[in-house]
Amino acid sequence: MLAFIKRREPFWLFVHSPSAMIAAFLTALIILGALFAPLIAPSNPYDLSSFSLMDGLLPPVWQDGGRSAFLLGTDDQGRDMISSILYGARLSLVIGLTAMVIATVLGVGLGLAAGYFGGRFDAVIMRIADVQLALPAILTALLIDGIARGILPTEIQQNMRVTVLTLAIALSLWVNFARTARASTFVEKNKEYVEAAIIMGQHPLRIMLIQILPNIVGPLLVIMTVDLASAILLEATLSFLGIGLPADSPSLGTLIRIGMQFLLSGEWWILWIPTVFLIVLVVAINVLGDFLRDIFNPGLR
Amino acid sequence: MAYFILKRLVQSVFVMIAVAFLAFSLFRFVGDPVSQMTGVETTVEDQDRLREGLGLNDPFVVQFIRFSSDLLRGDFGFSYRTRQPVAEMITNRIPATLELGVVALLISLIVGIPAGVYTALRPRGIATQLILMTTLVGVSIPTFVIGIMLIFLFGVQLGLLPTFGRGGTVHIGSWESSLFTFDGWKSLILPAVTLGVYQLTLTMRLVRAQMMDVMRSDYIRFAMARGVPLHSLYFRHALANTMVPVITIIGLQFGGVIAFSIVTESVFQWPGMGLLFLESIRFVDIPVMGVYLVVIAFFFVLVNLIVDLLYFAIDPRLRVKEDV
Amino acid sequence: MKNQNLLKSALLSASLLVAANIVSAETFRWASKTDPQTMDPHAVSSAPVLSFLNNIYEGLVRRGRDMSIEPSLAASWEPLDGENGWRFNLREGVTFQDGADLTAEDVLFSYQRAASEESDVRSWFAPVSDVRVIDDHTIDFITKAPNPLFPDSIANFMILDKGWAERNDAALPARDAENFATMNVNGTGPFTLQSRDPGVRTVLVPNANWWDTPEHNVTEATFTPIGNSATGLAALLSGEIDFIQPIPLQDVQQVESRDGFKVLEGEETRVIMFGFPHEHEKLLYSTNESDSNPFSDPRVRLAAAHALDIDSIDRVLFRGKIGAASQLVPAGISGYSEANGNRPAYDPERAKALLAEAGYSDGFSFGLKCPNDRYINDEALCRAAASMFAAVGLNAELSTGPVRDYWPQLREDDFDMYLLGWSPGTFDMEHPIRFLLHSQDNEKKLGSWNFGNYSNARVDELLPMIQQEIDPENRQKLIDELVAITQEEVAYIPLYTQPLIWASKDNIDLTQRADNFFMLRWVTVN
């Protein structure tokens, strides 16, 4: 049936890679679940009147005391775990993807330019990168949070936490992209094909985007996949350190942070269900990333 | 070469100033130090007097100039929280963080590079898939969860390793080291592994990606065709060619290690700079936070300088370009 | 002869061995969340500092296991005749750890030090107008007005040796920079400092010359701060520490289910409450009531109180370990008003009716501020409360933050409703009245934590009467009247008394005091 597909074309590779198919399936499932959370989740964890403390700490349905209304149990506030996770995945994906895209565009752009032009421009960019690296993510988050608090009226600050967090994560990730893009550009720049393009008088932007960028996509994709994962994890870590999202905005990170309190208390589901969900999501993204890397890598063809 | 180093040094000074400025500007947003320094019964009047005494009512620029000129004169000030000299507090904590960071980095390199090479050379092997999967799951769990799980597994359930702190330390001059006692090493293992897992995976994946690229390049194929021995091919030619990005990443990683050590130190109550910094945030201990950031910036500048110098040593073409 | 000697020395060494065994077995290691910031008893008035230093320094009076006041450096005290104030008769033969004798001069010096501008405990001495040394072992504290509670209020006022402090340039507490007393001690108490590595490890050893008979058998005590609760619990369960305070509520069962460990539970004296913006013109965070302040209507405040289901909060969030609170101190604290021991019942229908009566039948939204690192389960509590408020139409926009940021917000009136916990420093009802119920008055230093500025002329009038009334029965009547007023006006919504949960190994005997102070002098290692 698939005979018409050319061997070694992306789709052929895809259907011949079970791990990529499973990963794609899981990622798609999670993304769809997150996307349609308002339609499929049994309740809305943002709606305070939709849950009650009376239903708190209920175990999943297969355990003693579980109720069919809450298939995976409830947390300490009586929120349904399934709903929290679906909405949590939604928020985490939005934060992670946005942060990753901002970081990639910013980092790759600056890195390419720095590597290509070199000299003073390079020095300035790389020193800015040094400054950024010297500020741990927690500080970047505090800084942006602080600036937002300084310039925004109080009423909307609470709603800005997601934006602030996304920006903070993006800012603490762009340097990886920039430095890798720059290092690879240094190497590529001196190869014959780029030198030929320069001699032919092509526009630097064109050379950077058309000639150099495709050749450094391999290492960048590795970083992108790892960084999408770490963006999601960073959000959890910032929550753990007390500067993430408020507990009533369920992201996977805040769910895990809350769940940590129940590590030993016997209510295992509050920690482990979101954690396992996060692991599945991150692993699936990474496997897909690996697969994409293989495809995009010109050496394979 | 000398010109290059000089130029970098000048740039580094600017980096330090920028970090100090950024760091300092965010302190105003962290909270009110005075309400953290005083008890509940302290009157508003007394709080205001204290605030005035600490110069917190001065304009931002005045505070910043005072902070930086004190730094330049080598006066690091006193902690709001403990009233101790900040210089002493930080220098006491540096060994713990550096030892933890270096051991974590070594773990990530010693395991990560061979694992990267292996998984690149046998991309379809079962062991490769297993390694890739395990490390993926490893980096998919938040560091603080891994840390706590390791503590409960090895510290509580098995009773093999300590759950917190540095264990036995030895003073070598003013350097307090845990590398010279068995107890110290026992205390170091769990935090170092926790800290190293993420870096390990990154190193491994990067080495693997680079290695696979290089193995497909023409000159390696050519060498293979000419019958160059395989191990020489892998390690002398192929691995050497992956080193430019790998060195970049190692440089980057040391930054990551220091930054992430905040979380690890907090989970393991490891008495390093990161833990001190977290406590300082909690108490809005501005002098300590400021000096911590400047010290961290100094480390970064130093590491970056070394990375750039290594580039020179590895790729002669860069030398020619930069010197012009 | 020779054999006899041999036997003797064998016996001697055997008994030495036994002694050595006992000694080495009584090393005691404990952990808590925060390191005491300083070793100077007058520099920071925070619970970690005062609690820790009570092991090293002593006051004129001290608190017993049940919080009662008992003689310490003062063997006795009595009110002055014909003058407002108290006379303290110092114990004879007390020496500081460096060998100096305790005299009235040291007490005077410590008073001057503790009441100085550099001190953080000077508010304790606000009622004092003069201190007079009568002789080497007698000292008078003159107060501005009759002050029956003065001895109770200075249980944490710790006495330093004048000569030692002056010799070491520590005559004043260190405010901005360290001085000798920041890292060194010289007290009269049961323990003394052997070594200190701030934030890492502090080691105490018994003071051999302590005037009192030790009830403990500790020979060396090591304190480690462990900030992360899970790590602290792991340290206890792995046997690396003998005792930890506090542990999270939800881990109690885990500790109890393991052999060799026990949990100590009690009630702290801290009452958790919600506060209102009594004086605000309008709500800051409301989307539909931004021109007025519904909370200025007592019916709305009462509705909020009726909306809260303390039993469910207790069962789910606190695992049955809290007691509901009716007023700003828990039962058992002196001045507690038995006559007003009921709190508004959980009654959402009544809450809705009250809101409708006040003209808010559709409810309204407002901003609820809570700390997330100050009280046990503070954030979870506020989330649950927000959900309960929502059920009656009070739509709380919850905003939580660390306490370093929280107090400044409250001070700047940046709230529509807020969470506060209060522990009466003097263990008397007068304390919260002074700080939380009296109108804000900077000059008289009253109402300094009354962020919403609840103000009632009769309450303001009653406070000095309560402070000066000597007859306990009359005093209680005054307090009952005051509590009734504040309950009727719903000045605050008292929620519950915070639980105290400590955990230790089975072989440790210790005393859990209601002020959450841990005293080494009551520790026995079996």
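Predicted model, so just to flag it, every value in this text is computed and none were measured. (Residues numbered from 1 in each chain as written. Chains lettered and ligands numbered in written order. Predicted model: local features only at pLDDT ≥ 70, side-chain atom pairs only at ≥ 80, totals over all residues. Heavy atoms only, no water.)

## Describing the overall build of chain A
So, step 1. Secondary structure assignment for chain A yields twelve helices and zero strands.
So, step 2. Looking at chain A as a whole, 60% of its 301 residues qualify as buried.
So, step 3. Restricting to contacts in chain A with at least 6 residues of sequence separation, those with at least 24 account for 68%.
So, step 4. If you sum the accessible surface of chain A, you get close to 12,000 Å²; carbon and sulfur atoms cover 70% of it. (Helix = DSSP H or I, 4+ residues; strand = E, 2+ residues; numbered from the N terminus. Buried < 20%, exposed > 50% of the residue type's maximum accessible area, 1.4 Å probe, protein only. Contact = heavy atoms within 4.5 Å. Areas by Shrake-Rupley, 256 points an atom, 1.4 Å probe, with all protein chains shown as cover.)

## Some remarks on the interface of chain B and chain A
So, step 1. Opposite the 55 residues of chain B that make contact, chain A presents 52 residues.
So, step 2. For the pair chain B and chain A, the summed buried area comes to about 5,100 Å², and 73% of that belongs to carbon and sulfur atoms.
So, step 3. Taken together, the connections running from chain B to chain A amount to zero salt bridges.
So, step 4. The interface formed by chain B and chain A contains zero residue pairs in polar contact (both at pLDDT 80 or more).
So, step 5. At the level of secondary structure, the elements contributing two or more residues to the side of chain B that touches chain A comprise helix 1 (2-30), helix 6 (126-140), helix 7 (143-157), helix 8 (182-216), helix 11 (243-268), helix 12 (273-282), helix 13 (286-314) and helix 14 (316-323) of chain B.
So, step 6. The class makeup of the residues in the side of chain B that touches chain A is 39 nonpolar, seven polar and nine charged. (Buried area = accessible area lost by both parts, 1.4 Å probe. Salt bridge = Lys/Arg side-chain N within 4 Å of Asp/Glu carboxyl O. Polar contact = N/O pair within 3.5 Å; in protein donor to acceptor, adjacent residues only side chain to side chain. Nonpolar A, V, L, I, M, F, W, Y, C, P; charged D, E, K, R; others polar.)

## Quick look at the packing of helix 8 (residues 192-199) of chain A against helix 9 (residues 204-212) of chain A
Residue and element names in this part refer to chain A.
So, step 1. Contact geometry for helix 8 and helix 9: axes closest at 11 Å, N-to-C directions at 150°. One finds that helix 8 runs roughly antiparallel with respect to helix 9. Crossing handedness for the pair helix 8 and helix 9: right-handed. Along its contact with helix 8, which presents Tyr193, Val194, Ala197 and Ile198, the element helix 9 presents Ile207, Gln211 and Ile212.
So, step 2. Broken down by class, the residue content of the contact of helix 8 with helix 9 amounts to six nonpolar, one polar and no charged. (Axes fitted to C-alpha atoms, helices over the stretch in contact; angles between N-to-C directions. Parallel < 35°, antiparallel > 145°, perpendicular 65-115°, else oblique. Left-handed = near helix turned anticlockwise from the far one by under 90°.)

## Some words on the domain arrangement of chain C
All names here are of chain C.
So, step 1. Assigned domains within chain C: domain 1 (24-224 + 506-525) and domain 2 (268-500).
So, step 2. Summed over both sides, the interface between domain 1 and domain 2 buries roughly 1,000 Å², with carbon and sulfur atoms accounting for 65% of that surface.
So, step 3. The largest per-residue losses of area from domain 1 upon contact with domain 2 belong to Pro148, Leu149 and Ala514, which jointly make up 37% of the total buried on that side.
So, step 4. Viewed at the interface, domain 2 and domain 1 are joined by zero salt bridges. (Domains from an automatic or database assignment.)

## Structural notes on the side chain of B:Gln63
Residue and element names in this part refer to chain B.
So, step 1. Within the element layout of this structure, Gln63 appears in helix 4 (residues 60-72).
So, step 2. A distance of 2.9 Å separates a polar side-chain atom of Gln63 from the backbone oxygen of Asp58.
So, step 3. Setting aside residues up to four positions removed in sequence, Gln63 forms contacts with Phe24, Gly55, Leu56, Asn57 and Asp58.

## With respect to the state of the cysteines
What is meant by a disulfide is a covalent connection between two cysteines, made through their sulfur atoms.
Residue and element names in this part refer to chain C.
So, step 1. As enumerated under the stated definition, the model contains one disulfide over all chains in all.
So, step 2. For Cys370, the disulfide goes to Cys382, at an S-S distance of 1.8 Å. Between Cys370 and Cys382, the S-S dihedral sits near -85°, and the bridge is therefore left-handed. Of this pair, Cys370 sits in strand 14 (residues 364-371) while Cys382 sits in helix 12 (residues 378-391), and the two are twelve residues apart along the sequence.
So, step 3. On the accessibility criterion, Cys370 (0% relative accessible area) is buried. (Disulfide = S-S within 2.5 Å.)

## Digging into the confidence of the model for chain C
All names here are of chain C.
So, step 1. Residues with a pLDDT of 70 or more make up 95% of chain C, whose mean pLDDT is 91.
So, step 2. Counted against residues more than four places away or in other chains, residues 6-24, with its pLDDT under 50, gives one contact.
So, step 3. For this predicted complex, the interface score ipTM comes out at 0.88, alongside a pTM of 0.88. (pLDDT = per-residue confidence, 0-100.)

## Description of unusual backbone geometry
All names here are of chain C.
So, step 1. A cis amide bond links Gln245 with the next residue in sequence, Pro246, at an omega value of -15°.
So, step 2. In this structure, Pro246 sits in the loop between strand 11 (243-245) and helix 8 (252-256).
So, step 3. In the Ramachandran plot, Val490 falls in the positive-phi region, its phi being about 45° despite a non-glycine side chain.
So, step 4. Within the secondary structure, Val490 is located in the loop between helix 16 (472-488) and strand 17 (492-505).
So, step 5. Positive phi, normally seen in glycine, also occurs at Asn516, with a value near 70°.
So, step 6. Judged by relative accessible area, which is 27%, Asn516 ranks as partly exposed.

## Describing the pairing of strand 4 (residues 74-79) of chain C
So, step 1. Alignment of strand 4 of chain C against strand 5 (residues 85-90) of chain C, held across five bridges, turns out to be antiparallel. Its bridge partner lying in strand 5 of chain C, C:Ser76 is registered against C:Asn89. (Pairing = 2+ DSSP bridges.)

## Observations regarding the packing of helix 2 (residues 18-35) of chain A against helix 4 (residues 81-117) of chain A
All names here are of chain A.
So, step 1. Packing of helix 2 against helix 4 leaves a shortest axis separation of 8 Å and a crossing angle of 105°. What the angle tells us is that helix 2 and helix 4 run roughly perpendicular. Residues Ile30, Ile31, Gly33, Ala34 and Leu35 of helix 2 form the contact with helix 4, whose own contacting residues are Leu86, Ala89, Arg90 and Leu93.
So, step 2. The residue inventory of the contact of helix 2 with helix 4, partitioned by class, reads seven nonpolar, one polar and one charged.

## Describing the interface of chain C and chain A
So, step 1. Tallying the contact residues gives 30 residues for chain C and 28 residues for chain A.
So, step 2. Carbon and sulfur atoms make up 49% of the surface buried where chain C meets chain A, a total of about 2,400 Å² over both sides.
So, step 3. Notably, a salt bridge pairs C:Arg319 with A:Glu267, separated by 2.8 Å at the nearest N-O pair.
So, step 4. Where chain C meets chain A, there are nine residue pairs in polar contact (both at pLDDT 80 or more).
So, step 5. Sorting the residues of the side of chain C that touches chain A by element identifies helix 8, helix 10 (310-317), helix 12, strand 15 (394-401) and helix 13 (403-411) of chain C as the ones contributing at least two each.

## Section: a nonpolar patch on the surface
Residues and elements named next belong to chain A.
So, step 1. Taken together, the side chains of Leu32, Leu35, Phe36, Leu39 and Ile40 present a nonpolar region at the surface, about 530 Å² in accessible area.
So, step 2. Secondary structure elements with two or more residues in the nonpolar patch: helix 2 and helix 3 (37-40).
So, step 3. With respect to the helices and strands, the residue Leu35 is situated in helix 2.
So, step 4. A residue is classified by how much of its surface remains accessible, and Leu35, at 53% relative accessible area, is exposed. (Patch = residues over 30% accessible without salt bridge, like charges linked within 9 Å, V, L, I, M, F, W, Y side chains within 5 Å.)

## Focus: the environment of C:Ser46
Residues and elements named next belong to chain C.
So, step 1. Relative to the helices and strands, Ser46 is located in the loop between strand 1 (27-32) and helix 2 (47-53).
So, step 2. Separated by 214 residues in sequence, Ser46 and Gly260 have C-alpha atoms that sit 33 Å apart.
So, step 3. A distance of 3.2 Å separates polar atoms of two side chains, one belonging to Ser46 and the other to Gln37.

## Observations regarding the pairing of strand 8 (residues 191-197) of chain C
Residue and element names in this part refer to chain C.
So, step 1. As paired elements, strand 8 and strand 9 (residues 201-206) share six bridges and run antiparallel to each other. When the bridges of strand 9 are listed, Arg196 appears paired with Thr202.
So, step 2. Linking strand 8 back to strand 9 in an antiparallel pair, the connection comprises three residues, with Gly199 at a positive phi of about 80°.

## A word on the sheet that holds strand 6 (residues 128-135) of chain C
All names here are of chain C.
So, step 1. If you trace the four strands from one edge of the open sheet to the other, you get 4-5-7-6, paired in antiparallel fashion. Looking at strand neighbours, the two that pair on one side only are strand 4 and strand 6, the edges of this open sheet. With strand direction ignored, the average angle separating the axes of adjacent strands in the sheet is 20°.
So, step 2. Helix 3 (residues 104-114) rests against strand 5, strand 6 and strand 7 (138-143) of the sheet, and its axis sits at about 165° to strand 6.

## Structural notes on the packing of aromatic side chains
All names here are of chain B.
So, step 1. Tallied over the entire structure, the rule returns 39 aromatic pairs over all chains.
So, step 2. Each ring, one from Phe277 and one from Tyr292, has its centre 4.4 Å from the other, and the planes form 15°; the classification is stacked. With Phe277 in helix 12 and Tyr292 in helix 13, this pair connects stretches of sequence that are 15 residues apart. Across the pair, Tyr292 and Phe277 agree in class, each one buried. (Phe/Tyr/Trp six-rings, centres within 6.5 Å; stacked < 30°, edge-to-face > 60°.)

## Re the pattern of salt bridges
Residues and elements named next belong to chain C.
So, step 1. In the structure shown here, the tally under the stated rule is 40 salt bridges over all chains.
So, step 2. Across the salt bridge formed by Asp40 and Arg113, the nearest N and O atoms sit 2.8 Å from each other. One end of the pair, Asp40, is in the loop between strand 1 and helix 2; the other, Arg113, is in helix 3, and 73 residues separate them in sequence.
So, step 3. Residue class for Arg113 comes out buried when judged on its relative accessible area of 1%.
So, step 4. Taking the shortest distance from any N to any O, the salt bridge between Arg62 and Glu70 comes out at 2.8 Å.

## Quick look at helix 10 of chain C
All names here are of chain C.
So, step 1. Here helix 10 lies mainly inside the structure; six of its eight residues are buried.
So, step 2. Buried residues belonging to helix 10 abut strand 13 (323-324), helix 12 and strand 17.
So, step 3. Its side-chain oxygen 3.3 Å from the backbone nitrogen of Asp311, Asp309 forms the N-cap of helix 10.
So, step 4. A positive backbone phi angle near 50° is found at Arg319, which sits one or two residues after helix 10.

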